[in-house]
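Examining the three-dimensional arrangement
Spelled out, the chains give:
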Amino acid sequence: MIGRKIAFAVSASWLSQVIRIGLNLLILPIMFHAMNPEELGLWLVLGQSTIFLSILMEAGLTPTITRRIAFVAGRNLSGPDRPLDEESRRDLSDMLASGRIAYRFVSIGVFIVTFALGSLYLWNLELRQVSPTTAWIAWILLCLGYATMAWSGLWTALATGLGYVAAGTIASTVVGIATLLAQMVVVLAGGGLLWLAIVSALGGVVVRLSLRLYVQRRQPHLFSVPGRWDGALMRGMMAPAIRSWLTAVGFAVLFKTDQYFIAIYVDTAQVPAYYAVYTLLHNLAILALALGQTSSVYVSQLWHSGTMEEIHEIVLRSLRITLILMVSGVATLLVVGQDLIGVWIGPDHFAGFPVLTALGVMFVLCVQQNAVLTFARATENEVYAVPFLLAGGLALLLSWGLVPHLGLLGAALATLLAQLLTTNWIVLRDGLRRLRVSMATYGRTCLLPLVPVSLVTYFGTMAVAGGSLLPSALDRLLAGTSVGMTVCLAGLWLFGLSPANRSQVRSALRATMRRRRRAGQQQTEPPVHSG
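Since the structure is predicted, the reported quantities are computational estimates derived from the model, not experimental observations.

Section: the overall build of the chain
- Along its length, the chain carries 20 helices and zero strands.
- Looking at the chain as a whole, 54% of its 531 residues are labelled buried.
- Excluding contacts between residues fewer than 6 apart, the proportion of contacts in the chain whose partners are at least 24 apart in sequence is 84%.
- Counting only carbon and sulfur atoms, one obtains 66% of the accessible surface of the chain, whose full area is about 23600 Å².

What follows is the structure, encoded as structure tokens:
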């Protein structure tokens, strides 16, 4: 049952992410042509800033309360996949009542602190093509929108913790798609920074309402039990929540500050070129990590019952698939990345192969680290705050030293080196130890298959798209992407899936083909007339 729920959740997550990524990739070239470089660079910086700062002010509550809800669902007397019993409903009602109060303070804190910190950044910018008043109003609206998003964290935690991962993902994605489409219309109609901020703020409100309505419809009996403030419960969540928050602080500083150094030490107009390469790899990482993100809640539920064999199956399969997707994607981009940027937003906006290579290696290591981290934290193993804070501080120091001299490449190298020296090996070692997976098992089952997959992908793509046989960038892009996808699918089949998984896929395909043949035969049979 859990396997089917994971498969459905992953399918929904991948489909949702593909649609959102496609729209993001579509709207960016529209912005490149409709907005001046300074306005576009300011929007990208401000948009990333609100996400970054709202993560910091979320205070670690959402991942912590999600795990606690999953633990309650896992010890449900009727079973984790059955309706909640009375004791579970009572515990969750108290958790919701306490969470409502806590999240009100969190959302207020998000607005106050994000506005204050963003104000320090805006005061140091010298804007020539954008009105300072417009920038300030846009910043206020963005802060309001993400404060509302932080307020909806309770409903996100409840839907995810109860196992409604797929439906919750779809609900959030529908709102996200509507927001992106509205922003696309705004840009095409000539609207600028201010109107984009208005649409973004409204999107935060709709996300909260949609998640709340969905959970109330799926669990109406849960809300029939009156909850009460439970101080002991909230105090028990404070320690893991604070550690989770500190981990998020370090993570955000490590991965979300490079654009500030580019804007300050290079030029705001250079941010879009760096952001374009970063976006491609970031979207690839999102798709690769979808399996771990959607299945971690089931690891939380199984951890409570001590079912280690099933946990190992979920974890190792997820890690194999995640790494194969990421490595094959980066190997393909190293060959056709320039052509993709040229076809997408124009050849003048390519940041260069050194930047692409550094960011590609950085994201491969980031995906490995995050995949292990997600599963380890699903067991409430919040011990990674210090490594991530050290990594974030080191990234700031390296960016301060490298960006003024190396420009865009310095920003990429600063993040890569900071990650290599700290979190990458610490999270891998401690996370696998927590999950009781030996390093030898991980290396043999997850890392070793990456060698043939990456080599075959890179040299196969290079043989097809790296020479002068195909004259146009679009032809090279299509040919190289086809080779990369083919090798990736072969790698997933041979190395990502276990023999039992491959047998299940074959059985499902055979059953589907039999149903289609029977349906075709019924349609071609002539009707029988009684006579």
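Next comes the rest of the description.
Some remarks on the side chain of Thr-64
- Its location among the elements puts Thr-64 in helix α3 (residues 61–74).
- Relative accessible area serves as the criterion here: at 0%, Thr-64 is assigned to the buried category.
- Beyond its immediate stretch of four places on either side in the chain, Thr-64 contacts Met-237, Pro-240, Ala-241, Ser-244 and Glu-380.

What about the environment of Val-327?
- Inspection of the secondary structure assignment puts Val-327 in helix α12 (residues 308–344).
- Under the relative-accessibility criterion, Val-327 is labelled buried at 11%.
- Measuring from C-alpha to C-alpha, the distance between Val-327 and Leu-455 comes to 9.7 Å, with 128 residues separating the pair along the chain.
- Not counting the four nearest positions on each side in its chain, Val-327 is found in contact with Val-364, Leu-450 and Ser-454.

A few points about the packing of aromatic side chains
- Inspection of every chain in the model, using the stated rule, returns nine aromatic pairs.
- With 5.9 Å between their ring centres and 50° between their planes, Phe-251 and Phe-388 make a pair best called tilted. With Phe-251 in helix α9 (residues 231–255) and Phe-388 in helix α14 (residues 385–406), the pair connects residues that are 137 residues apart, well separated along the chain.
- Classification of Phe-388 as buried rests on a relative accessible area of 0%.

Things to note about helix α17 (residues 439–447)
- Those residues of α17 not exposed but buried are Tyr-442, Thr-445 and Cys-446. Projected onto a plane normal to the axis of α17, the buried residues spread over an arc of 90° and lie on a single side. In α17, the exposed residues that point more than 90 degrees away from the buried face are Ala-440 and Arg-444.
- Lining the buried residues of α17 we find α12, α13 (353–378), α16 (423–434) and α18 (450–465).

Focus: a nonpolar patch on the surface
- Residues Ile-264, Tyr-265, Val-266, Leu-397 and Trp-400 make up a contiguous nonpolar surface patch of about 530 Å² in total accessible area.
- Per-element accounting of the nonpolar patch gives the leading share, three residues, to helix α10 (residues 258–266).
- Mapped onto the elements of the fold, Val-266 is located in helix α10.
- On the basis of relative accessibility, which here comes to 36%, the residue Val-266 falls in the partly exposed class.

A closer look at the confidence of the model for the chain
- Summarising the model, the chain shows a mean pLDDT of 81, and 88% of its residues fall at 70 or more.
- Every residue in residues 77–81 scores below 50 in pLDDT, and together they form 11 contacts with partners more than four places removed in sequence or on other chains.

A word on a positive patch on the surface
- A contiguous patch of positive charge, built from Arg-506, Arg-510, Arg-514, Arg-515, Arg-517 and Arg-518, is present on the exposed surface.
- One can find Arg-518 in helix α20 (residues 499–524).
- By relative accessible area, Arg-518 is classed as partly exposed at 45%.

As for the side chain of Ser-119
- Here Ser-119 lies in helix α4 (residues 86–123).
- Engagement of the side chain of Ser-119 in a polar contact is seen with the backbone oxygen of Phe-115, the distance being 2.6 Å.

Some words on helix α5 (residues 132–151)
- When the terminal C-alpha atoms of α5 are compared, their 29 Å separation across 20 residues agrees well with the 28 Å that a helix rising 1.5 Å per residue should span.
- Every buried residue of α5 is accounted for by Ala-135, Ala-138, Trp-139, Leu-142, Cys-143, Gly-145, Tyr-146, Ala-147, Thr-148 and Ala-150.

Quick notes on the environment of Ile-242
- Residue position: Ile-242 is located in helix α9.
- Ile-242 sits 181 residues away from Leu-61 along the chain, and the two C-alpha atoms are 8.1 Å apart.

Observations concerning unusual backbone geometry
- With a phi close to 60°, Arg-436 is a non-glycine residue in the positive phi region.
- Mapping Arg-436 onto the fold places it in the loop between α16 and α17.

A word on the pattern of salt bridges
- A complete count under the given rule lists five salt bridges for this structure.
- With its nearest N and O atoms 3.4 Å apart, the salt bridge here joins Glu-313 to Arg-317. Here the residue Glu-313 and the residue Arg-317 both occupy positions in helix α12, the gap between them amounting to four residues, near one helical turn.
- By relative accessible area, which is 46% here, Glu-313 ends up partly exposed.
- With its nearest N and O atoms 3.0 Å apart, the salt bridge here joins Arg-476 to Asp-339. With Arg-476 in helix α19 (residues 473–496) and Asp-339 in helix α12, this pair connects stretches of sequence that are 137 residues apart.

Conventions adopted
Residues numbered from 1 in each chain as written. Predicted model: local features only at pLDDT ≥ 70, side-chain atom pairs only at ≥ 80, totals over all residues. Heavy atoms only, no water. Helix = DSSP H or I, 4+ residues; strand = E, 2+ residues; numbered from the N terminus. Buried < 20%, exposed > 50% of the residue type's maximum accessible area, 1.4 Å probe, protein only. Contact = heavy atoms within 4.5 Å. Areas by Shrake-Rupley, 256 points an atom, 1.4 Å probe, with all protein chains shown as cover. Phe/Tyr/Trp six-rings, centres within 6.5 Å; stacked < 30°, edge-to-face > 60°. Arc of directions from axis to C-beta. Patch = residues over 30% accessible without salt bridge, like charges linked within 9 Å, V, L, I, M, F, W, Y side chains within 5 Å. Salt bridge = Lys/Arg side-chain N within 4 Å of Asp/Glu carboxyl O. pLDDT = per-residue confidence, 0-100. Lys, Arg positive; Asp, Glu negative; His and termini not counted. Charge placed at Lys NZ, Arg CZ, Asp CG, Glu CD. Polar contact = N/O pair within 3.5 Å; in protein donor to acceptor, adjacent residues only side chain to side chain. Expected span 1.5 Å × (residues − 1).

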